[in-house]
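Listed below are the residues making up each chain.
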Amino acid sequence: MRIYECADYHAMSRRAANLISAQVILQPDCVLGLATGATPVGLYDQLVEWYRKGDLSFAETRTVNLDEYLGLAPTHRQSYRYFMQKHLFDHIDIKLENTHVLNGLAPDPQAECAAYNRLIRDLGGIDLQLLGMGHNGHIAFNEPSDNFGLETHVVNLSESTIDANQRFFASREEVPRQALSMGIKNIMHARRILVVVGGADKADMVCKAFTGPVTSQVPASVLQLHPDVTLVGDRAALSRLKEAGVSVCG
Ligand code: F6R
């Protein structure tokens, strides 16, 4: 695993955007697995800036997003489809039909999940999967549990995730209680994984995930078993990891 330590959020976003743009430049028709949340906003801004400068094109790139709230329409301001349009897709030359986000209004959520698994396979798998990490160690919406959710599935959000995500909604009551999410198997089958984590509040979990036992109680810990993971973090998020003796590059 490669670990890059960055001075702050801006530097972290730039470094992560560099790694994504390298992937797109080397393989223009690659399949990018994308994430939402607060963490990737800065890196998406950076990708948009490089696209506007003419340094980057997404004309042939395909994307699959990790997850979507169940019950939210794609046009809902807190839906992940809306997020992706707002922060990335509306500002670059990607073809809309090449962008894939689970449908939160699917009449049959199980069928939607099965179709998403087929879609990922039909695209040839994910070349580079971007991940954030929850305070409880979740990746996508794979919450701490007694077993790893393997492929795309319906998830009951944990109380801690509902708490963490209420900042995006008018009230806690409005946060959906369920989501559709890629599973650990979908993520682990990605050829390369890029994890981006910022902030002192995630330092303990980062350390636990990357130095502790591999357990479904800390879903991100499974990444220790993946052969090609890059972790990009700011100083605060990597502080405990460094205290534990893990070496990082600047
Ligand atoms: C989002 C996702 C989540 C977030 C995680 C961290 O698509 O899959 O796992 O990456 O909750 O969120 P932030 O970046 O808001 O701390």
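Up top is the structure these notes are about.
None of these values were measured; they are calculated from a predicted model.

J.: In this structure, what is going on with the sheet that holds strand 1 (residues 2-6)? I would like to understand it.
T.: Across a sheet, strands are paired by hydrogen bonds formed along the backbone, either parallel or antiparallel in direction. If you trace the seven strands from one edge of the open sheet to the other, you get 1-10-9-6-2-3-5, paired in parallel fashion. The open sheet terminates on both sides in strands that have one partner only, identified here as strand 1 and strand 5 (99-100). When strand 6 (residues 128-131) meets strand 9 (residues 192-197), the two strands line up parallel, connected through four bridges. Paired with Leu131 across the two strands is Val195, which belongs to strand 9.

J.: How should the site of the ligand be read in this particular structure?
T.: Around the ligand, the surrounding shell holds 14 residues, and the nearest of these are Thr39, Asp67, His138, Ala140 and Lys202. At a separation of 2.7 Å, an oxygen atom of the ligand approaches a polar side-chain atom of Asp67. Here Ala140 contributes a backbone N or O atom positioned 2.7 Å from an oxygen atom of the ligand. Protein contact buries 94% of the 410 Å² of open area that the ligand shows by itself. A molecule is said to occupy a pocket when more than half its atoms come within 2 Å of that pocket's grid points, and by this definition the ligand occupies the largest pocket. For the shell around the ligand, the residue count by class is five nonpolar, six polar and three charged.

J.: Could you clarify how one ought to interpret the pattern of salt bridges in this entry?
T.: Two side chains of opposite charge can pair, provided their charged atoms sit close to one another. Applying the stated criterion across every chain, the model contains ten salt bridges. Salt-bridge contacts for Glu49 lead to Lys53; the nearest nitrogen and oxygen are separated by 3.7 Å. Measuring nitrogen to oxygen at the nearest pair gives 3.8 Å for the salt bridge that ties Arg192 to Asp228. Taken together, the positions of Arg192 in strand 9 and Asp228 in the loop between helix 7 (203-211) and strand 10 (229-234) put the pair 36 residues apart, joining distant regions of the chain. Judged by its relative accessible area of 24%, Arg192 is partly exposed.

J.: Sorry, what's going on with the sheet that holds strand 7 (residues 153-156) here?
T.: Spatial strand order, 4-8-7: three strands in an open sheet with antiparallel pairing. The strands lining the two open edges of the sheet, one partner per strand, are strand 4 (67-69) and strand 7. Averaged over all adjacent pairs, the angle separating strand axes in this sheet is 30°, with direction ignored. Summarising the sheet, strand 4 and strand 8 (residues 178-181) pair through three bridges and their orientation is antiparallel.

J.: Is there a simple way to explain the side chain of Ser181 in this structure?
T.: With respect to the helices, strands and loops of the structure, Ser181 is situated in strand 8. Polar contacts involving the side chain of Ser181 include one to the main-chain amide nitrogen of Phe141, which spans 3.0 Å. If we skip the residues at most four places from it in the chain, Ser181 touches Leu66, Asp67, Leu102, Ala140, Phe141, Asn142, Glu151, Thr152, His153 and Val155.

J.: Explanation requested: the layout of surface pockets in the structure shown.
T.: Picture a little ball the size of a water molecule; that probe, rolled over the atoms, points out where space is still empty. Taken as a whole, the largest pocket spans an internal volume of roughly 520 Å³. For the largest pocket, the lining is made up of 30 residues, of which Gly37, Met133, His138, Arg167 and Lys202 are closest to its centre. Taken together, the elements giving at least two residues each to the lining of the largest pocket come down to helix 1 (9-26) and helix 5 (159-165). Among the elements that make up the lining of the largest pocket, the one with the highest residue count is helix 5 (four residues). Residues belonging to the lining of the largest pocket are distributed by class as follows: twelve nonpolar, 13 polar and five charged. Volume-wise, the second largest pocket comes out at about 250 Å³. Broken down by element, the residue count for the lining of the second largest pocket peaks at five residues, all from helix 3 (residues 80-87). Here the residues of the lining of the second largest pocket are counted per class, giving eight nonpolar, four polar and two charged.

Conventions we followed
- Residues numbered from 1 in each chain as written.
- Predicted model: local features only at pLDDT ≥ 70, side-chain atom pairs only at ≥ 80, totals over all residues.
- Heavy atoms only, no water.
- Pairing = 2+ DSSP bridges.
- Helix = DSSP H or I, 4+ residues; strand = E, 2+ residues; numbered from the N terminus.
- Near = heavy atom within 4 Å.
- Polar contact = N/O pair within 3.5 Å; in protein donor to acceptor, adjacent residues only side chain to side chain.
- Areas by Shrake-Rupley, 256 points an atom, 1.4 Å probe, with all protein chains shown as cover.
- 1 Å grid on protein atoms, 1.4 Å probe; cavity = no way out; pocket = protein on both sides within 12 Å on 5 of 7 lines; lining within 4 Å.
- Sits in = over half its atoms within 2 Å of the grid points.
- Nonpolar A, V, L, I, M, F, W, Y, C, P; charged D, E, K, R; others polar.
- Salt bridge = Lys/Arg side-chain N within 4 Å of Asp/Glu carboxyl O.
- Buried < 20%, exposed > 50% of the residue type's maximum accessible area, 1.4 Å probe, protein only.
- Axes fitted to C-alpha atoms, helices over the stretch in contact; angles between N-to-C directions.
- Contact = heavy atoms within 4.5 Å.
- Points joined across faces, edges and corners; volume = space filled by probe spheres on them.

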